[in-house]
Amino acid sequence: AGREVFVHLPMEPIGVEDPGPYALTEFQSADEMAARIAWAFSRVPGATGFNNHMGSRLTSDRRLMDTVFAAADLPASLIFVDSLTHPRSQAAYSARDAGLKALTRDVFLDHAPDEASVSAQLNLALALALQNGQAIAIGHPRPQTLAVLADLTRRAEAVGVELVTVQALSATASSEIES
């Protein structure tokens, strides 16, 4: 349908939450990680990039993230967006060192999934875009999130924010990750 599509790659979190089937975990071999990454991309033909689902355990460990990106045979044209599920995430650094374009999310829209909270987070994303020249917001396809996003174009235009794809943003984004 002409939309940009990403793989939402499950990774091991800190704690007991289940990231779902075929998740990458700290005790897998590089070959097992590579097989799981290949499987995920085979399920999403035409994906232009990927981000982590959960993953606080893996993304906070540089050695593990280096293993993930080294294990995967990923084309350099792919974009990685770090969901920042851990405040000391190393994922974007590892992705860049592996030759991929890497960005990080600025706002998580639906940590609190009610419409008022999602709307407030969307306002924050729009404000950050105005302040910084860009912002990446991520969320889930929950009914409340989708209801708020139904009005996204009007809200963005009202404050002077241009909506672009992650691919378009990565073409203009700085190559440096802020510490």
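Quick look at the structure, then. Remember, it's a predicted structure, so these values are computed and weren't measured experimentally. (Residues numbered from 1 in each chain as written. Predicted model: local features only at pLDDT ≥ 70, side-chain atom pairs only at ≥ 80, totals over all residues. Heavy atoms only, no water.)

**Section: the nonpolar core**
Counting 25 residues, the largest nonpolar core has Leu9, Leu24, Ile37, Phe41, Phe50, Phe69 and Leu74 as its most contacted members. Of all elements in the fold, only strand E1 (6-11), helix H1 (30-42), helix H3 (62-71) and helix H4 (91-97) reach the threshold of two or more residues within this core. The biggest single contributor to this core is H3, with five residues. Grouped together as the second largest cluster of nonpolar side chains are 11 residues, Val107, Val118, Leu126 and Ala156 included. (Core = buried A, V, L, I, M, F, W, Y, C linked by side-chain atoms within 4.5 Å. Buried < 20%, exposed > 50% of the residue type's maximum accessible area, 1.4 Å probe, protein only. Helix = DSSP H or I, 4+ residues; strand = E, 2+ residues; numbered from the N terminus.)

**Some thoughts on the side chain of Asp61**
With respect to the helices, strands and loops of the structure, Asp61 is situated in the loop between helix H2 (56-59) and H3. Here Asp61 falls in the buried class, since its relative accessible area comes to 18%. At a separation of 2.9 Å, a polar atom in the side chain of Asp61 contacts the main-chain amide nitrogen of Arg63. (Polar contact = N/O pair within 3.5 Å; in protein donor to acceptor, adjacent residues only side chain to side chain.)

**Considerations on the side chain of Ser56**
Residue placement: Ser56 occurs in helix H2. Under the relative-accessibility criterion, Ser56 is labelled buried at 9%. Sequence-distant contacts of Ser56, that is, excluding residues within four places in its chain, are made with Glu12, Pro13, Ile14, Thr85 and His86. (Contact = heavy atoms within 4.5 Å.)

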